[in-house]
Amino acid sequence: MEKTEILKKIKETEQKIEEEIRQAEEERKKKILSAKDEARKIIEDANKEAAKIKADVIEKARAEIEAEKEKIREKRMAEINEIVKRGESRVDDVVNFLYDEFKRMIQNA
């Protein structure tokens, strides 16, 4: 082989290697972009899932609070109704007591 042929082959090999390096660099950039895009999608999906879980937790908590409020309201209404019943059952006694006291005051006057 002649010197020029050897130099030509060396040059061709160098160009081939440079092309392969350039292609490898482009492939690396594509893979990095793809990985970043995939990571972004994973983060978005995780954020959506977290928001859904948060909304579910808040909804359940509100429902529990409303149920507890209703229980308390019902309990208080039962207590009020009991007090009203006791009061109503004693109205006749109070009226009779007041009537007797009035009669006594008139008789002693």
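Given the structure is predicted, the values throughout are model-derived calculations rather than measurements.

1. Quick notes on the overall build of the protein chain
Scanning the protein chain from N- to C-terminus turns up 1 helix and 0 strands. For 109 residues, the compact-globule estimate of 2.2 N^0.38 gives 13 Å, and the protein chain exceeds it by more than 25% at 46 Å. In terms of overall dimensions, the protein chain has C-alpha extents of about 155 × 20 × 10 Å along its principal axes. Out of the 109 residues in the protein chain, the part that is buried amounts to 0%. Surface summary for the protein chain: the accessible area is close to 10600 Å², and the carbon and sulfur share equals 58%. Within the protein chain, the 29 negative side-chain charges are centred at a point lying 2 Å from the centre of the 28 positive side-chain charges.

2. Things to note about the UniProt feature "coiled-coil region" (unreviewed entry) in the protein chain
Per the UniProt record, "coiled-coil region" (unreviewed entry) is annotated on residues 3-82. Between the end C-alpha atoms of residues 3-82 there is a gap of 117 Å, over a span that is 100% helix and 0% strand.

Rules behind the numbers
Residues numbered from 1 in each chain as written. Predicted model: local features only at pLDDT ≥ 70, side-chain atom pairs only at ≥ 80, totals over all residues. Heavy atoms only, no water. Helix = DSSP H or I, 4+ residues; strand = E, 2+ residues; numbered from the N terminus. Rg over C-alpha atoms; globule rule 2.2 N^0.38 Å. Buried < 20%, exposed > 50% of the residue type's maximum accessible area, 1.4 Å probe, protein only. Areas by Shrake-Rupley, 256 points an atom, 1.4 Å probe, with all protein chains shown as cover. Lys, Arg positive; Asp, Glu negative; His and termini not counted. Charge placed at Lys NZ, Arg CZ, Asp CG, Glu CD. UniProt positions renumbered as here; feature names shortened; annotations may be inferred.

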